[in-house]
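Coordinate inspection notes
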Amino acid sequence: MSDLSRGVLEEAAREHERYLWGLCYRMTGVAADADELVQETFARALASPPARHEELRPWLTRVAVNLARDSLRRRRREGYVGTWLPSPLETGDEEVPPAVEARLPGGGSTEGRYELLESVSFAFLLALEALTPKQRAVLLLRDVFDSSVREVAQALGMSEAHVKVVHHRARAAMAAYEGERCVPTRDLQQRTLAALEGFMAALLERDVAAAEALLSVDVKALSDGRGEVRAALVPVVGARRVLTFLTKLMELRGSPRAVELQWLNGLPALVMILAPAKDPMLATRAVVRVDLGADGRIAHIHSVLAERKLANIRMPEPV
C-alpha cells in the first residue's frame, strides 16, 4: 500500500522533471522521445506508485531508464533510415549548464567525469551510441549525474559489483571520445562560430576556394532525414566531395528563406527555413552545425532535417 498521495506525486513531478528529462534526452539523444518518456514515467507513478516517499527518486529513475532502454533497443532493432544524429537542444551561449538541465546542490555542474553541458554535445551523444543501453544508463548516472555506485545499483536493480563492471566497460567503449573530448569552452565556441559563419558565407557567395580552406581534408558531411525527408543515406567524405554535394544542393534548393544563429548543444548552429519545393519529401527546415578537428578546420558537418528532430527548436521568421 503506497503512502504517496496524488498531491505528493504531482509535487515530485515538478521537483524531478528536469532531472528525468535530462537523463532521458541523454539516453535517447532525441528531445521528443525524452518528452514522451517523462510523461510515461509519471503516468506509471500515478497508476502504481512506490510504497514510500524516500523511494520515489530511484523508482522514477528506474522507470525512466527502463523506458529509455526499450526505446533504444527498438530503434536499433527496427533499423534507422540513413544516418542517425541527435536532435538539437537549445542551450544558450554560456559555458555553464543550460536552464533545462538538472540543478545539483551547490551549483549547476556535477563532480563527475563530464560536465552537464559537455554531455549534451553532439560529439558526446554520438559517442554514447557505441554503448549498450545498460552501459549508457550506468555511465550517465555515474559520470554525468554523479550518482554513487549504491545509488545506481538501487535505481537500476543491479548489484554494486555488476554496476562497477558495466561502468568499467562503458568507459572503455568511450576511449575514442576521451582522446578528443568536446568541452564547450568559450574558446571552442568562438572558433566554431567563426568557422561556421565563414563556411556558410563562402557557400552563399559560391567561393569554393574560401569554403575548401575551412574544411579538413577528410571532412564528413552527415544528414539526418529519419526517412521523413530526403537526406544523404551515407556520410559524404572528403573536402572536394563535400563541397560538390553542398554546392549542387544549394543550386537545387536556392538560398534559405531565413537563417538564424542559435546556440544548440553547447555550440553555435544555423537554424534555417528552406525555400519551398514541389517535392513533399524535401525538407522545409534544417539545423546545420559543425565540429572542428585538431587542425582547427571543420571535421564534421551535421544537417538535421527530420521534423521530429526539430520539434523543440525555435524557427526564424521567413523574410
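Everything here concerns the structure above.
Residues numbered from 1 in each chain as written. Predicted model: local features only at pLDDT ≥ 70, side-chain atom pairs only at ≥ 80, totals over all residues. Heavy atoms only, no water.

1. Focus: the pattern of salt bridges
Our working definition: Any carboxyl oxygen of Asp or Glu within 4 Å of a side-chain nitrogen of Lys or Arg constitutes a salt bridge here.
This model, assessed by the stated rule, comprises 20 salt bridges. Glutamate 129 is paired through a salt bridge with arginine 136; the nearest N and O atoms lie 2.7 Å apart. A salt bridge links aspartate 291 to arginine 289, with the shortest nitrogen-to-oxygen separation between them at 2.8 Å. Taken together, the shared-partner salt bridges in this structure form one network comprising Arg113, Glu118, Glu178 and Arg181.

2. Quick word on the sheet that holds strand E6 (residues 298–304)
Just so we agree on the cut-off: Paired strands, in this sense, are two strands between which DSSP finds at least two bridges. Strands are runs of DSSP state E lasting at least 2 residues, helices are runs of H or I lasting at least 4, and numbering of each runs from the N terminus.
Spatially, 6 strands are ordered E2-E1-E6-E5-E4-E3 in an open sheet, and the strand pairing comes out mixed. Bordering the open sheet on either side are strand E2 (236–237) and strand E3 (258–264), each of which pairs with just one other strand. Bridging between strand E1 (residues 215–224) and E2 involves 2 bridges; their strand directions are antiparallel. Residue pairing for E2: alanine 221 is matched across the bridge by valine 236.

3. Some remarks on the packing of aromatic side chains
Definition in use: Pairing of aromatic rings covers Phe, Tyr and Trp, the last counted by its six-membered ring, and requires centre-to-centre distances within 6.5 Å; plane angles under 30 degrees mean stacked, over 60 mean edge-to-face, and any other angle means tilted. In this scheme, a residue with accessible area under 20% of its type's maximum is buried, one over 50% is exposed, and one in between is partly exposed, where area comes from a 1.4 Å probe on protein chains only. Ring-over charges, as used throughout, are those where CZ of Arg or NZ of Lys falls within 6 Å of the ring centre and within 35 degrees of the ring normal.
Taken as a whole and assessed by the stated rule, the structure comprises 5 aromatic pairs. On the numbers, 5.3 Å between centres and 10 degrees between planes, the contact of tryptophan 21 with tyrosine 25 is stacked. Note that tryptophan 21 and tyrosine 25 are positioned in helix H1 (residues 6–28) at a spacing of 4 residues, about one turn of the helix. Given the relative accessible area of 10%, tryptophan 21 is considered buried. Classification of tyrosine 25 as buried rests on a relative accessible area of 0%. Here phenylalanine 124 and tyrosine 177 contribute two aromatic rings whose centre-to-centre distance is 5.5 Å and whose plane-to-plane angle is 80 degrees, an arrangement assigned as edge-to-face. Taken together, the positions of phenylalanine 124 in helix H4 (residues 122–128) and tyrosine 177 in helix H8 (residues 175–179) put the pair 53 residues apart, joining distant regions of the chain. When its relative accessible area of 0% is taken as the criterion, phenylalanine 124 is described as buried. Of note, arginine 289 hangs over the ring of phenylalanine 122, and the distance from its end group to the ring centre comes to 4.4 Å.

4. Focus: the nonpolar core
Cut-off, in case you're wondering: In this description, a nonpolar core means a group of buried Ala, Val, Leu, Ile, Met, Phe, Trp, Tyr and Cys residues linked to one another through side-chain atoms lying within 4.5 Å. The contact criterion used is simple: two residues touch if any of their non-hydrogen atoms lie within 4.5 Å.
Core analysis: the largest hydrophobic core is formed by 84 residues, its most contacted members being Phe124, Met174, Phe199, Leu215, Ile298 and Ile301. If we ignore the near neighbours within four places in the chain, the residues touching phenylalanine 124 are Tyr114, Glu118, Ser119, Leu139, Leu140, Val144, Met174 and Tyr177. Within the second largest apolar cluster, 13 residues are counted, among which are Leu85, Phe122, Leu222 and Ile313.

5. A few points about the packing of helix H5 (residues 133–144) against helix H7 (residues 160–173)
Under the convention used in this document: Axis definition: a line fitted to C-alpha atoms, over the contacting stretch in the case of helices. Angles run 0 to 180 degrees between N-to-C directions. An angle counts as roughly parallel when it lies under 35 degrees, as roughly antiparallel when it exceeds 145, as roughly perpendicular when it falls between 65 and 115, and as oblique in every other case. Residue type decides the class: Asp, Glu, Lys and Arg count as charged, Ala, Val, Leu, Ile, Met, Phe, Trp, Tyr, Cys and Pro as nonpolar, and the leftover types, Gly among them, as polar.
In the contact formed by H5 and H7, the axes pass within 9 Å of each other and the chain directions differ by 95 degrees. For the element pair H5 / H7, the angle class is roughly perpendicular. Along its contact with H5, which presents Lys134, Gln135, Val138, Leu139, Arg142 and Asp143, the element H7 presents His162, Val163, Val166, His167, Arg169, Ala170 and Arg171. The class makeup of the residues in the contact of H5 with H7 is 5 nonpolar, 3 polar and 5 charged.

Note that every value here comes from positions in space, so none of it alone points to a role or purpose.
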